[in-house]
Amino acid sequence: MRRGSPVLNNSSGPTTSFSTNRHHLPSQFPADHPRSLKRARTVPTFKPPPRLSATLPRFLSKCPSGHDLVVKYVNILVVRRGQLVKDELWVHYVNIHQPSKPSSSSSSAPSSASSSASPSPITTTTTKSSDPLSKHKIGSWVIGTILCPEHRFWNAVRRRDGTNHKPDYVVDGGGSLVSSGFIDIQLNGAFGIDFTSVDITEEQVHKVSEGILSHGVTSYLPTVITSSHDTYRHAIPTIAAAGKNPTTAGANILGLHLEGPFIHPMKKGAHPIEHITSPELGMKTIRNVYGHLEMVRVVTLAPELPGSFSSISGLNTMGVCVAVGHTTTSLSTAVSAVQHGARLVTHLFNAMSAFHHRDPGLVGILTSTCADKIHYGIIVDGIHVHPSAVKMAYESHPMGAILVTDAMCALGLPPGRHMLGKLEVDVIVQGGHYFQSTCTTSSCKTSSTTSFHKMTGGNRMKAVLSSDHDTLAGSVASMDECVRNYKAFTGCSVVEALAAASIHPAMALGIDQHKGSLMPGRDADMVFLNPKTLSVRATFVSGVLSYASTKEWEEQLSIF
Ligand SMILES: [Zn+2]
(Lines give C-alpha, C1' and ligand atoms only; values in the text may rest on other atoms or scores of the structure.)
Protein backbone atom coordinates (compact mmCIF):
# COMPACT_ATOMS: atom_id res chain seq x y z
CA MET A 1 0.00 0.00 0.00
CA ARG A 2 1.49 3.28 -1.04
CA ARG A 3 1.84 6.48 0.94
CA GLY A 4 -0.38 6.93 3.89
CA SER A 5 -3.27 4.86 2.79
CA PRO A 6 -5.99 5.48 5.35
CA VAL A 7 -7.45 2.38 6.86
CA LEU A 8 -11.18 2.03 7.16
CA ASN A 9 -11.68 1.78 10.86
CA ASN A 10 -13.64 -1.26 11.68
CA SER A 11 -13.61 -2.64 15.15
CA SER A 12 -15.47 -5.80 14.28
CA GLY A 13 -13.43 -8.92 14.46
CA PRO A 14 -10.23 -9.53 16.35
CA THR A 15 -8.10 -10.32 13.32
CA THR A 16 -4.74 -8.68 13.18
CA SER A 17 -2.04 -8.53 10.57
CA PHE A 18 0.85 -9.05 12.93
CA SER A 19 2.41 -12.16 14.22
CA THR A 20 1.79 -12.61 17.91
CA ASN A 21 5.18 -14.09 18.58
CA ARG A 22 7.36 -11.34 17.24
CA HIS A 23 6.53 -8.35 19.36
CA HIS A 24 7.17 -9.47 22.88
CA LEU A 25 10.69 -8.09 22.98
CA PRO A 26 11.26 -6.00 19.88
CA SER A 27 14.61 -4.88 21.19
CA GLN A 28 17.70 -3.98 19.25
CA PHE A 29 19.51 -6.45 21.43
CA PRO A 30 18.81 -9.80 22.99
CA ALA A 31 16.90 -9.33 26.20
CA ASP A 32 19.65 -10.95 28.22
CA HIS A 33 22.30 -8.60 26.94
CA PRO A 34 24.48 -7.78 29.94
CA ARG A 35 25.27 -4.16 29.06
CA SER A 36 21.74 -3.27 28.18
CA LEU A 37 20.81 -4.20 31.73
CA LYS A 38 23.63 -2.40 33.48
CA ARG A 39 23.74 0.88 31.65
CA ALA A 40 20.47 2.37 32.77
CA ARG A 41 21.38 1.83 36.40
CA THR A 42 24.83 3.34 36.27
CA VAL A 43 24.14 6.55 34.37
CA PRO A 44 22.00 9.42 35.60
CA THR A 45 18.90 9.65 33.44
CA PHE A 46 17.06 12.61 32.07
CA LYS A 47 14.02 13.05 29.89
CA PRO A 48 14.87 14.69 26.58
CA PRO A 49 12.66 17.64 25.78
CA PRO A 50 9.84 17.21 23.27
CA ARG A 51 10.39 18.76 19.90
CA LEU A 52 8.39 20.77 17.45
CA SER A 53 8.22 20.05 13.77
CA ALA A 54 7.84 22.49 10.93
CA THR A 55 5.41 20.05 9.39
CA LEU A 56 3.42 20.09 12.58
CA PRO A 57 0.59 22.35 11.41
CA ARG A 58 -0.22 19.91 8.63
CA PHE A 59 0.32 16.98 10.92
CA LEU A 60 -1.97 18.35 13.58
CA SER A 61 -4.78 18.51 11.06
CA LYS A 62 -4.55 14.74 11.15
CA CYS A 63 -3.94 14.60 14.86
CA PRO A 64 -6.03 17.29 16.53
CA SER A 65 -5.80 18.27 20.12
CA GLY A 66 -7.33 15.65 22.34
CA HIS A 67 -6.99 12.95 19.70
CA ASP A 68 -4.37 10.43 18.89
CA LEU A 69 -3.37 8.72 15.71
CA VAL A 70 -1.80 5.39 14.83
CA VAL A 71 0.28 4.66 11.74
CA LYS A 72 1.56 1.24 10.75
CA TYR A 73 4.67 1.01 8.58
CA VAL A 74 4.87 -2.19 6.56
CA ASN A 75 7.29 -3.72 4.07
CA ILE A 76 10.31 -2.80 6.15
CA LEU A 77 13.28 -4.45 7.82
CA VAL A 78 13.65 -3.77 11.52
CA VAL A 79 15.88 -4.98 14.33
CA ARG A 80 14.25 -7.61 16.50
CA ARG A 81 16.25 -9.38 19.19
CA GLY A 82 19.51 -8.47 17.59
CA GLN A 83 18.45 -9.62 14.14
CA LEU A 84 17.17 -7.87 11.04
CA VAL A 85 13.74 -9.22 10.18
CA LYS A 86 10.95 -8.22 7.87
CA ASP A 87 8.29 -6.86 10.15
CA GLU A 88 6.06 -3.89 10.71
CA LEU A 89 6.35 -0.87 12.97
CA TRP A 90 3.49 0.91 14.70
CA VAL A 91 3.75 4.51 15.76
CA HIS A 92 1.35 6.20 18.14
CA TYR A 93 0.99 9.96 17.85
CA VAL A 94 -0.63 12.17 20.42
CA ASN A 95 -1.15 15.88 20.53
CA ILE A 96 -0.15 16.72 24.07
CA HIS A 97 -1.35 20.31 24.03
CA GLN A 98 -4.78 19.48 25.38
CA PRO A 99 -4.87 15.71 25.62
CA SER A 100 -8.25 14.31 26.53
CA LYS A 101 -6.55 11.37 28.17
CA PRO A 102 -3.04 12.04 29.42
CA SER A 103 -2.44 8.32 29.79
CA SER A 104 -2.89 7.90 26.04
CA SER A 105 0.77 8.69 25.50
CA SER A 106 1.52 5.23 26.82
CA SER A 107 2.53 2.80 24.15
CA SER A 108 0.00 0.29 25.34
CA ALA A 109 -2.90 2.65 25.83
CA PRO A 110 -6.09 1.97 23.93
CA SER A 111 -6.79 4.41 21.18
CA SER A 112 -10.45 5.12 21.18
CA ALA A 113 -10.00 8.54 19.66
CA SER A 114 -8.21 7.09 16.67
CA SER A 115 -11.48 5.64 15.50
CA SER A 116 -12.23 9.02 14.05
CA ALA A 117 -11.63 8.44 10.36
CA SER A 118 -11.67 12.12 9.45
CA PRO A 119 -10.36 14.18 12.31
CA SER A 120 -11.31 17.79 12.03
CA PRO A 121 -8.59 20.37 11.59
CA ILE A 122 -7.69 22.30 14.69
CA THR A 123 -6.95 25.93 15.20
CA THR A 124 -3.37 26.48 16.20
CA THR A 125 -2.21 29.27 18.41
CA THR A 126 0.40 31.53 16.89
CA THR A 127 2.60 33.58 19.16
CA LYS A 128 4.72 36.63 18.46
CA SER A 129 3.55 37.32 14.95
CA SER A 130 6.53 39.60 14.37
CA ASP A 131 8.85 36.67 14.79
CA PRO A 132 9.78 35.20 11.38
CA LEU A 133 9.73 31.76 12.91
CA SER A 134 6.41 32.28 14.66
CA LYS A 135 4.53 30.17 12.17
CA HIS A 136 6.18 27.21 13.82
CA LYS A 137 5.39 28.30 17.36
CA ILE A 138 1.93 26.94 17.53
CA GLY A 139 1.79 25.94 21.15
CA SER A 140 1.12 22.27 20.51
CA TRP A 141 3.33 19.24 20.41
CA VAL A 142 3.02 15.97 18.67
CA ILE A 143 4.76 13.11 20.39
CA GLY A 144 5.24 10.02 18.29
CA THR A 145 6.19 6.88 20.17
CA ILE A 146 6.64 3.29 19.16
CA LEU A 147 3.49 1.32 19.80
CA CYS A 148 3.10 -2.33 20.72
CA PRO A 149 0.23 -3.56 18.53
CA GLU A 150 -0.35 -6.59 20.71
CA HIS A 151 -1.12 -4.44 23.72
CA ARG A 152 -3.36 -2.30 21.55
CA PHE A 153 -5.21 -5.35 20.29
CA TRP A 154 -5.72 -7.02 23.66
CA ASN A 155 -6.75 -3.78 25.30
CA ALA A 156 -9.40 -3.43 22.61
CA VAL A 157 -10.55 -6.98 23.23
CA ARG A 158 -10.74 -6.46 26.97
CA ARG A 159 -12.76 -3.28 26.67
CA ARG A 160 -15.46 -5.00 24.57
CA ASP A 161 -16.86 -1.61 23.67
CA GLY A 162 -16.03 -1.54 20.02
CA THR A 163 -12.70 0.18 20.57
CA ASN A 164 -10.76 0.10 17.37
CA HIS A 165 -7.40 -1.63 17.37
CA LYS A 166 -6.44 -1.05 13.76
CA PRO A 167 -4.13 1.68 12.53
CA ASP A 168 -5.49 4.89 11.05
CA TYR A 169 -2.93 4.78 8.24
CA VAL A 170 -0.72 2.14 6.67
CA VAL A 171 2.50 3.27 5.02
CA ASP A 172 4.55 1.11 2.67
CA GLY A 173 8.20 1.47 3.64
CA GLY A 174 9.42 0.32 0.23
CA GLY A 175 11.66 -2.40 1.65
CA SER A 176 13.65 0.09 3.72
CA LEU A 177 15.76 -0.88 6.69
CA VAL A 178 14.36 1.12 9.61
CA SER A 179 16.73 1.94 12.45
CA SER A 180 16.38 4.07 15.50
CA GLY A 181 17.66 7.52 14.57
CA PHE A 182 21.38 8.16 14.96
CA ILE A 183 22.65 10.05 18.01
CA ASP A 184 25.86 12.06 17.60
CA ILE A 185 27.36 12.97 20.96
CA GLN A 186 30.22 15.02 19.48
CA LEU A 187 29.46 17.53 16.76
CA ASN A 188 31.45 20.77 16.62
CA GLY A 189 29.38 22.34 13.89
CA ALA A 190 28.45 21.94 10.25
CA PHE A 191 27.33 23.80 7.14
CA GLY A 192 29.64 26.73 7.87
CA ILE A 193 28.47 27.09 11.47
CA ASP A 194 30.83 26.65 14.41
CA PHE A 195 29.31 26.04 17.83
CA THR A 196 32.50 27.32 19.47
CA SER A 197 31.80 30.86 18.47
CA VAL A 198 31.36 34.00 20.52
CA ASP A 199 28.53 35.08 18.24
CA ILE A 200 26.70 31.81 17.63
CA THR A 201 22.94 32.34 17.29
CA GLU A 202 19.95 30.12 17.94
CA GLU A 203 19.04 30.28 14.26
CA GLN A 204 22.46 28.96 13.31
CA VAL A 205 22.10 26.09 15.74
CA HIS A 206 18.72 25.27 14.22
CA LYS A 207 20.28 25.28 10.77
CA VAL A 208 22.70 22.55 11.84
CA SER A 209 19.86 20.62 13.50
CA GLU A 210 18.00 20.63 10.20
CA GLY A 211 20.99 19.82 8.03
CA ILE A 212 22.11 16.71 9.86
CA LEU A 213 18.72 15.09 9.34
CA SER A 214 20.06 14.13 5.90
CA HIS A 215 22.71 12.07 7.72
CA GLY A 216 20.10 10.14 9.69
CA VAL A 217 20.87 12.03 12.90
CA THR A 218 17.79 12.63 15.06
CA SER A 219 19.53 13.70 18.28
CA TYR A 220 22.90 15.23 19.03
CA LEU A 221 25.08 17.13 21.42
CA PRO A 222 26.45 20.40 20.03
CA THR A 223 30.06 20.42 21.16
CA VAL A 224 32.00 23.44 22.37
CA ILE A 225 35.76 23.02 22.57
CA THR A 226 38.25 24.86 24.80
CA SER A 227 37.28 28.53 24.73
CA SER A 228 37.54 31.86 26.44
CA HIS A 229 35.19 32.83 29.27
CA ASP A 230 33.34 35.14 26.91
CA THR A 231 32.71 32.36 24.41
CA TYR A 232 31.46 29.98 27.09
CA ARG A 233 29.16 32.63 28.50
CA HIS A 234 27.60 33.21 25.14
CA ALA A 235 27.70 29.81 23.42
CA ILE A 236 26.46 27.62 26.28
CA PRO A 237 23.24 29.54 27.05
CA THR A 238 22.57 30.18 23.36
CA ILE A 239 22.81 26.52 22.40
CA ALA A 240 20.84 25.54 25.50
CA ALA A 241 18.12 27.99 24.49
CA ALA A 242 18.06 26.54 20.99
CA GLY A 243 17.59 23.11 22.50
CA LYS A 244 14.72 24.27 24.66
CA ASN A 245 13.08 26.23 21.85
CA PRO A 246 13.18 23.97 18.81
CA THR A 247 11.42 26.34 16.45
CA THR A 248 12.09 24.50 13.22
CA ALA A 249 12.21 20.95 12.01
CA GLY A 250 15.46 19.41 13.04
CA ALA A 251 17.27 16.90 15.16
CA ASN A 252 16.77 17.01 18.92
CA ILE A 253 19.40 18.87 20.89
CA LEU A 254 19.92 16.68 23.93
CA GLY A 255 22.28 19.13 25.58
CA LEU A 256 25.87 20.25 25.22
CA HIS A 257 29.17 18.46 25.14
CA LEU A 258 31.89 20.66 26.60
CA GLU A 259 35.26 19.34 25.44
CA GLY A 260 37.93 21.10 27.49
CA PRO A 261 39.40 23.35 28.74
CA PHE A 262 40.39 20.89 31.50
CA ILE A 263 42.66 18.89 29.24
CA HIS A 264 46.37 18.14 29.11
CA PRO A 265 48.39 20.67 27.07
CA MET A 266 50.46 17.88 25.51
CA LYS A 267 47.31 16.37 24.02
CA LYS A 268 45.59 19.57 23.07
CA GLY A 269 44.99 18.66 19.45
CA ALA A 270 43.28 21.65 17.85
CA HIS A 271 42.35 23.26 21.17
CA PRO A 272 43.82 26.75 21.80
CA ILE A 273 46.50 26.30 24.44
CA GLU A 274 46.00 29.74 25.99
CA HIS A 275 42.62 28.67 27.42
CA ILE A 276 43.63 25.22 28.67
CA THR A 277 43.52 24.98 32.47
CA SER A 278 43.07 22.60 35.40
CA PRO A 279 39.97 22.17 37.58
CA GLU A 280 42.06 22.71 40.68
CA LEU A 281 39.13 23.71 42.89
CA GLY A 282 36.81 21.09 41.46
CA MET A 283 33.24 22.22 40.81
CA LYS A 284 34.07 25.75 41.92
CA THR A 285 36.55 26.06 39.04
CA ILE A 286 34.19 24.37 36.61
CA ARG A 287 31.33 26.72 37.43
CA ASN A 288 33.65 29.69 37.21
CA VAL A 289 35.00 28.68 33.80
CA TYR A 290 31.77 27.58 32.14
CA GLY A 291 29.48 30.00 33.92
CA HIS A 292 26.41 28.06 32.81
CA LEU A 293 25.84 24.35 33.33
CA GLU A 294 22.21 23.99 32.36
CA MET A 295 21.74 21.55 29.48
CA VAL A 296 25.36 20.37 29.79
CA ARG A 297 25.30 16.61 29.27
CA VAL A 298 28.94 15.65 28.66
CA VAL A 299 32.19 17.18 29.86
CA THR A 300 35.49 15.89 28.50
CA LEU A 301 38.45 16.31 30.84
CA ALA A 302 41.86 14.81 31.54
CA PRO A 303 41.78 12.86 34.83
CA GLU A 304 45.47 13.39 35.62
CA LEU A 305 44.94 17.12 36.19
CA PRO A 306 44.69 18.50 39.76
CA GLY A 307 41.11 18.52 40.97
CA SER A 308 39.81 16.18 38.30
CA PHE A 309 38.49 13.45 40.58
CA SER A 310 36.39 15.80 42.70
CA SER A 311 35.18 17.41 39.47
CA ILE A 312 34.18 14.03 38.07
CA SER A 313 32.24 13.23 41.24
CA GLY A 314 30.57 16.62 41.27
CA LEU A 315 29.56 16.52 37.62
CA ASN A 316 28.34 12.95 37.96
CA THR A 317 26.15 13.97 40.88
CA MET A 318 24.61 16.65 38.65
CA GLY A 319 23.76 14.07 36.00
CA VAL A 320 26.54 15.18 33.67
CA CYS A 321 28.30 12.33 31.89
CA VAL A 322 32.05 12.73 32.33
CA ALA A 323 34.29 11.69 29.45
CA VAL A 324 38.02 11.14 29.68
CA GLY A 325 39.96 12.58 26.78
CA HIS A 326 42.77 14.81 25.52
CA THR A 327 44.88 13.14 28.16
CA THR A 328 48.21 11.57 29.04
CA THR A 329 46.58 9.46 31.73
CA SER A 330 47.88 6.08 32.76
CA LEU A 331 45.51 3.15 32.89
CA SER A 332 45.44 3.16 36.69
CA THR A 333 44.45 6.83 36.80
CA ALA A 334 41.80 6.20 34.16
CA VAL A 335 40.37 3.35 36.23
CA SER A 336 40.28 5.66 39.25
CA ALA A 337 38.39 8.19 37.12
CA VAL A 338 35.81 5.52 36.32
CA GLN A 339 35.55 4.69 40.01
CA HIS A 340 34.77 8.37 40.61
CA GLY A 341 32.04 8.31 37.98
CA ALA A 342 33.56 8.80 34.53
CA ARG A 343 31.63 6.81 31.92
CA LEU A 344 33.01 7.79 28.54
CA VAL A 345 36.23 7.93 26.57
CA THR A 346 36.42 10.78 24.08
CA HIS A 347 37.49 9.84 20.54
CA LEU A 348 39.45 6.72 21.39
CA PHE A 349 43.04 6.69 20.11
CA ASN A 350 43.01 10.41 19.23
CA ALA A 351 44.59 12.91 21.65
CA MET A 352 45.70 10.33 24.19
CA SER A 353 48.89 8.42 24.97
CA ALA A 354 49.63 5.71 22.46
CA PHE A 355 49.12 2.11 23.43
CA HIS A 356 52.23 0.38 24.77
CA HIS A 357 52.30 -3.22 25.86
CA ARG A 358 53.83 -2.34 29.26
CA ASP A 359 51.86 0.87 29.67
CA PRO A 360 48.58 0.61 27.75
CA GLY A 361 47.32 4.01 28.88
CA LEU A 362 43.70 4.98 28.42
CA VAL A 363 43.30 2.58 25.50
CA GLY A 364 43.81 -0.29 27.93
CA ILE A 365 40.56 0.53 29.68
CA LEU A 366 38.67 -1.36 26.97
CA THR A 367 39.88 -4.63 28.46
CA SER A 368 40.12 -3.52 32.10
CA THR A 369 37.95 -4.68 34.98
CA CYS A 370 35.77 -1.58 34.57
CA ALA A 371 35.22 -1.97 30.84
CA ASP A 372 31.54 -2.79 31.37
CA LYS A 373 31.04 0.71 32.77
CA ILE A 374 32.65 2.45 29.83
CA HIS A 375 31.56 3.55 26.38
CA TYR A 376 34.06 5.05 23.98
CA GLY A 377 33.52 7.49 21.16
CA ILE A 378 35.47 6.71 18.03
CA ILE A 379 35.81 8.69 14.81
CA VAL A 380 35.38 6.21 11.98
CA ASP A 381 35.94 8.56 9.08
CA GLY A 382 38.83 6.57 7.62
CA ILE A 383 41.17 9.43 8.54
CA HIS A 384 41.35 9.82 12.32
CA VAL A 385 41.71 6.15 13.20
CA HIS A 386 43.26 3.41 11.11
CA PRO A 387 40.71 0.76 10.13
CA SER A 388 42.85 -1.85 11.85
CA ALA A 389 42.66 0.13 15.11
CA VAL A 390 38.90 0.49 14.70
CA LYS A 391 38.64 -3.26 14.35
CA MET A 392 40.88 -3.77 17.38
CA ALA A 393 38.59 -1.63 19.49
CA TYR A 394 35.54 -3.44 18.16
CA GLU A 395 37.02 -6.85 18.91
CA SER A 396 38.02 -5.75 22.42
CA HIS A 397 34.81 -4.07 23.49
CA PRO A 398 32.07 -4.07 20.83
CA MET A 399 29.28 -3.05 23.18
CA GLY A 400 31.11 0.09 24.24
CA ALA A 401 31.53 1.55 20.77
CA ILE A 402 29.87 4.88 20.01
CA LEU A 403 30.30 6.37 16.57
CA VAL A 404 30.97 10.10 16.74
CA THR A 405 31.57 12.36 13.80
CA ASP A 406 33.54 15.02 15.72
CA ALA A 407 32.63 16.96 12.61
CA MET A 408 33.45 20.64 12.36
CA CYS A 409 31.92 23.58 10.58
CA ALA A 410 33.13 22.44 7.17
CA LEU A 411 30.89 19.36 7.23
CA GLY A 412 28.69 19.81 4.21
CA LEU A 413 30.97 22.47 2.70
CA PRO A 414 33.51 22.14 -0.13
CA PRO A 415 37.29 22.07 0.50
CA GLY A 416 38.86 25.37 1.56
CA ARG A 417 39.78 27.46 4.60
CA HIS A 418 37.33 27.63 7.50
CA MET A 419 37.23 28.63 11.17
CA LEU A 420 37.13 26.30 14.18
CA GLY A 421 36.77 28.58 17.16
CA LYS A 422 39.46 31.15 16.49
CA LEU A 423 41.64 28.73 14.59
CA GLU A 424 42.07 28.64 10.86
CA VAL A 425 41.42 25.21 9.46
CA ASP A 426 41.95 23.84 5.98
CA VAL A 427 39.73 21.17 4.53
CA ILE A 428 41.74 19.25 1.98
CA VAL A 429 41.05 16.29 -0.23
CA GLN A 430 43.16 13.31 0.60
CA GLY A 431 43.53 11.17 -2.47
CA GLY A 432 43.19 7.69 -1.11
CA HIS A 433 43.05 6.64 2.52
CA TYR A 434 44.32 3.88 4.70
CA PHE A 435 42.80 1.13 2.67
CA GLN A 436 44.57 2.19 -0.45
CA SER A 437 47.90 3.17 1.03
CA THR A 438 49.04 1.55 4.24
CA CYS A 439 46.58 -1.04 5.41
CA THR A 440 47.79 -4.60 4.94
CA THR A 441 45.65 -6.35 7.50
CA SER A 442 43.61 -9.32 6.47
CA SER A 443 40.45 -7.50 7.46
CA CYS A 444 41.04 -4.97 4.73
CA LYS A 445 41.03 -7.65 2.10
CA THR A 446 37.54 -8.77 2.86
CA SER A 447 34.65 -8.39 0.52
CA SER A 448 33.07 -5.84 2.84
CA THR A 449 36.07 -3.60 2.33
CA THR A 450 35.63 -3.88 -1.40
CA SER A 451 32.02 -2.88 -1.11
CA PHE A 452 33.05 0.07 1.02
CA HIS A 453 35.14 1.39 -1.84
CA LYS A 454 32.20 1.08 -4.15
CA MET A 455 29.95 2.93 -1.75
CA THR A 456 32.14 5.87 -0.83
CA GLY A 457 34.75 6.28 -3.52
CA GLY A 458 38.49 6.57 -2.95
CA ASN A 459 39.01 10.23 -2.04
CA ARG A 460 38.31 11.57 1.43
CA MET A 461 38.25 15.04 2.87
CA LYS A 462 40.02 15.85 6.10
CA ALA A 463 40.25 18.97 8.23
CA VAL A 464 43.68 20.10 9.47
CA LEU A 465 45.09 23.20 11.13
CA SER A 466 46.09 25.76 8.53
CA SER A 467 49.34 26.31 10.42
CA ASP A 468 50.11 22.60 10.73
CA HIS A 469 48.71 20.20 8.20
CA ASP A 470 49.82 17.28 10.36
CA THR A 471 47.31 18.16 13.09
CA LEU A 472 43.75 17.04 12.54
CA ALA A 473 41.10 19.55 13.52
CA GLY A 474 37.96 17.49 13.53
CA SER A 475 36.34 15.47 10.83
CA VAL A 476 34.09 16.31 7.94
CA ALA A 477 32.42 12.91 7.89
CA SER A 478 28.68 12.42 8.20
CA MET A 479 27.20 9.97 10.68
CA ASP A 480 25.73 7.68 8.02
CA GLU A 481 29.17 7.52 6.42
CA CYS A 482 30.68 6.54 9.78
CA VAL A 483 28.10 3.74 10.09
CA ARG A 484 29.05 2.38 6.68
CA ASN A 485 32.75 2.71 7.45
CA TYR A 486 32.37 0.94 10.80
CA LYS A 487 30.71 -2.03 9.19
CA ALA A 488 33.35 -2.17 6.47
CA PHE A 489 36.34 -1.70 8.80
CA THR A 490 35.27 -4.20 11.45
CA GLY A 491 33.26 -6.72 9.48
CA CYS A 492 30.50 -6.36 12.07
CA SER A 493 26.85 -6.95 11.33
CA VAL A 494 24.53 -4.20 10.16
CA VAL A 495 22.76 -4.43 13.51
CA GLU A 496 26.00 -3.82 15.40
CA ALA A 497 26.94 -0.88 13.19
CA LEU A 498 23.53 0.72 13.72
CA ALA A 499 23.69 0.07 17.46
CA ALA A 500 26.97 1.97 17.70
CA ALA A 501 25.14 5.03 16.37
CA SER A 502 21.89 4.66 18.30
CA ILE A 503 21.42 2.54 21.41
CA HIS A 504 25.03 2.77 22.60
CA PRO A 505 25.08 6.57 22.78
CA ALA A 506 21.60 6.52 24.31
CA MET A 507 22.85 4.19 27.04
CA ALA A 508 25.93 6.30 27.67
CA LEU A 509 23.74 9.37 28.16
CA GLY A 510 21.22 7.49 30.29
CA ILE A 511 18.35 8.10 27.87
CA ASP A 512 17.88 4.56 26.60
CA GLN A 513 14.43 4.52 28.17
CA HIS A 514 13.43 7.20 25.67
CA LYS A 515 15.71 6.95 22.65
CA GLY A 516 18.14 4.69 20.85
CA SER A 517 15.87 1.77 20.03
CA LEU A 518 12.48 1.05 18.49
CA MET A 519 11.06 -0.69 21.53
CA PRO A 520 7.47 0.18 22.50
CA GLY A 521 7.26 3.47 24.34
CA ARG A 522 10.45 4.90 22.88
CA ASP A 523 10.41 8.11 20.85
CA ALA A 524 9.67 7.37 17.20
CA ASP A 525 12.99 8.78 16.00
CA MET A 526 13.60 6.70 12.89
CA VAL A 527 15.90 6.59 9.92
CA PHE A 528 14.84 4.73 6.79
CA LEU A 529 17.90 3.30 5.01
CA ASN A 530 18.65 1.53 1.77
CA PRO A 531 19.16 -2.01 3.11
CA LYS A 532 22.09 -2.68 0.76
CA THR A 533 24.03 0.58 0.79
CA LEU A 534 22.87 1.99 4.16
CA SER A 535 22.30 5.36 2.52
CA VAL A 536 19.61 7.50 4.12
CA ARG A 537 16.21 7.54 2.44
CA ALA A 538 14.27 9.45 5.08
CA THR A 539 14.49 10.63 8.67
CA PHE A 540 11.66 10.89 11.18
CA VAL A 541 11.83 12.84 14.44
CA SER A 542 9.13 12.03 16.98
CA GLY A 543 7.45 10.07 14.22
CA VAL A 544 7.16 13.06 11.91
CA LEU A 545 8.76 12.81 8.49
CA SER A 546 11.44 15.52 8.69
CA TYR A 547 13.75 14.66 5.79
CA ALA A 548 13.44 12.65 2.59
CA SER A 549 16.29 12.13 0.14
CA THR A 550 13.98 12.37 -2.88
CA LYS A 551 10.52 13.60 -3.72
CA GLU A 552 9.56 10.01 -4.39
CA TRP A 553 10.51 8.91 -0.88
CA GLU A 554 8.70 11.88 0.60
CA GLU A 555 5.53 10.88 -1.21
CA GLN A 556 6.02 7.22 -0.38
CA LEU A 557 6.44 7.75 3.35
CA SER A 558 4.13 10.68 3.99
CA ILE A 559 0.64 10.18 5.32
CA PHE A 560 -0.57 13.42 3.74
ZN1 LIG B 1 38.88 16.36 20.70
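Residues numbered from 1 in each chain as written. Predicted model: local features only at pLDDT ≥ 70, side-chain atom pairs only at ≥ 80, totals over all residues.

## Some thoughts on the nonpolar core
- Ranked by size, the top nonpolar core spans 147 residues in total, and within it Ile239, Val322, Leu344, Tyr376, Ile378, Leu403 and Tyr486 carry the most contacts.
- Tallying contributions element by element places strand β2 (residues 68–80) first for this core, with 8 residues.
- Discounting chain neighbours no more than four positions away, the residues touching Tyr486 are Val380, Val390, Leu403, Cys492, Ala497 and Ala500. (Core = buried A, V, L, I, M, F, W, Y, C linked by C-beta atoms within 7 Å. Buried ≥ 20, exposed ≤ 12 C-beta atoms within 10 Å, placed from the backbone. Helix = DSSP H or I, 4+ residues; strand = E, 2+ residues; numbered from the N terminus. Contact = placed C-beta atoms within 7 Å.)

## Examining unusual backbone geometry
- Residue Pro261 follows Gly260 across a cis peptide bond; omega there is 10 degrees.
- Following the sequence through the fold, Pro261 ends up in the loop between β11 (256–259) and α6 (283–290).
- Despite not being glycine, Asn75 has its phi angle at roughly 55 degrees, a positive value.
- Tracing the backbone shows Asn75 in strand β2.
- Exposure remark for Asn75: the 15 C-beta atoms within 10 Å place this residue in the partly exposed category.
- Phi angles above zero are rare outside glycine, and Ser542 is one such case at about 50 degrees.
- Here Ser542 shows up in the loop between β22 (536–541) and β23 (544–548).
- A count of 25 C-beta atoms within 10 Å places Ser542 in the buried class.

## Notes on the environment of Ala499
- Inspection of the secondary structure assignment puts Ala499 in helix α13 (residues 494–499).
- Along the sequence, Ala499 and Pro398 sit 101 residues apart, while their C-alpha atoms lie 9.9 Å from each other.

## Some thoughts on helix α12 (residues 479–490)
- Between its first and last C-alpha atoms α12 spans 16 Å; for 12 residues at 1.5 Å apiece the expected length is 16 Å, and the two agree.
- With 12 of 12 residues buried, α12 is to be regarded as a mostly interior element.
- For α12, the complete set of buried residues consists of Met479, Asp480, Glu481, Cys482, Val483, Arg484, Asn485, Tyr486, Lys487, Ala488, Phe489 and Thr490.
- Remark: Gly491 follows α12 within two positions and exhibits a positive phi of approximately 75 degrees. (Expected span 1.5 Å × (residues − 1).)

## What to know about the pairing of strand β12 (residues 296–301)
- Judged by how many residues are buried, β12 sits mostly within the fold: 6 of 6 residues are covered.
- Bridging between β11 and β12 involves 4 bridges; their strand directions are parallel. Within β12, the residue paired with Glu259 across the bridge is Thr300.
- For the segment spanning β11, α6 and β12, crossover handedness is right-handed.
- Here 4 bridges tie β12 to strand β13 (residues 321–324), and the two strands are oriented parallel to one another. (Pairing = 2+ DSSP bridges. Right-handed = clockwise from strand over helix to strand, strands pointing away.)

## Some words on the packing of helix α4 (residues 202–211) against helix α5 (residues 229–244)
- Viewed as axis vectors pointing N to C, α4 and α5 meet at an angle of 55 degrees, and their least axial separation amounts to 9 Å. One way to sum up the angle between α4 and α5 is to call them oblique. At the point where α4 passes α5, the crossing takes the right-handed sense. On the side of α4, the interface is formed by Glu202, Val205 and His206, while α5 contributes Thr238, Ile239, Ala241 and Ala242.
- A class-by-class count of the residues in the contact of α4 with α5 yields 4 nonpolar, 2 polar and 1 charged. (Axes fitted to C-alpha atoms, helices over the stretch in contact; angles between N-to-C directions. Parallel < 35°, antiparallel > 145°, perpendicular 65-115°, else oblique. Left-handed = near helix turned anticlockwise from the far one by under 90°. Nonpolar A, V, L, I, M, F, W, Y, C, P; charged D, E, K, R; others polar.)

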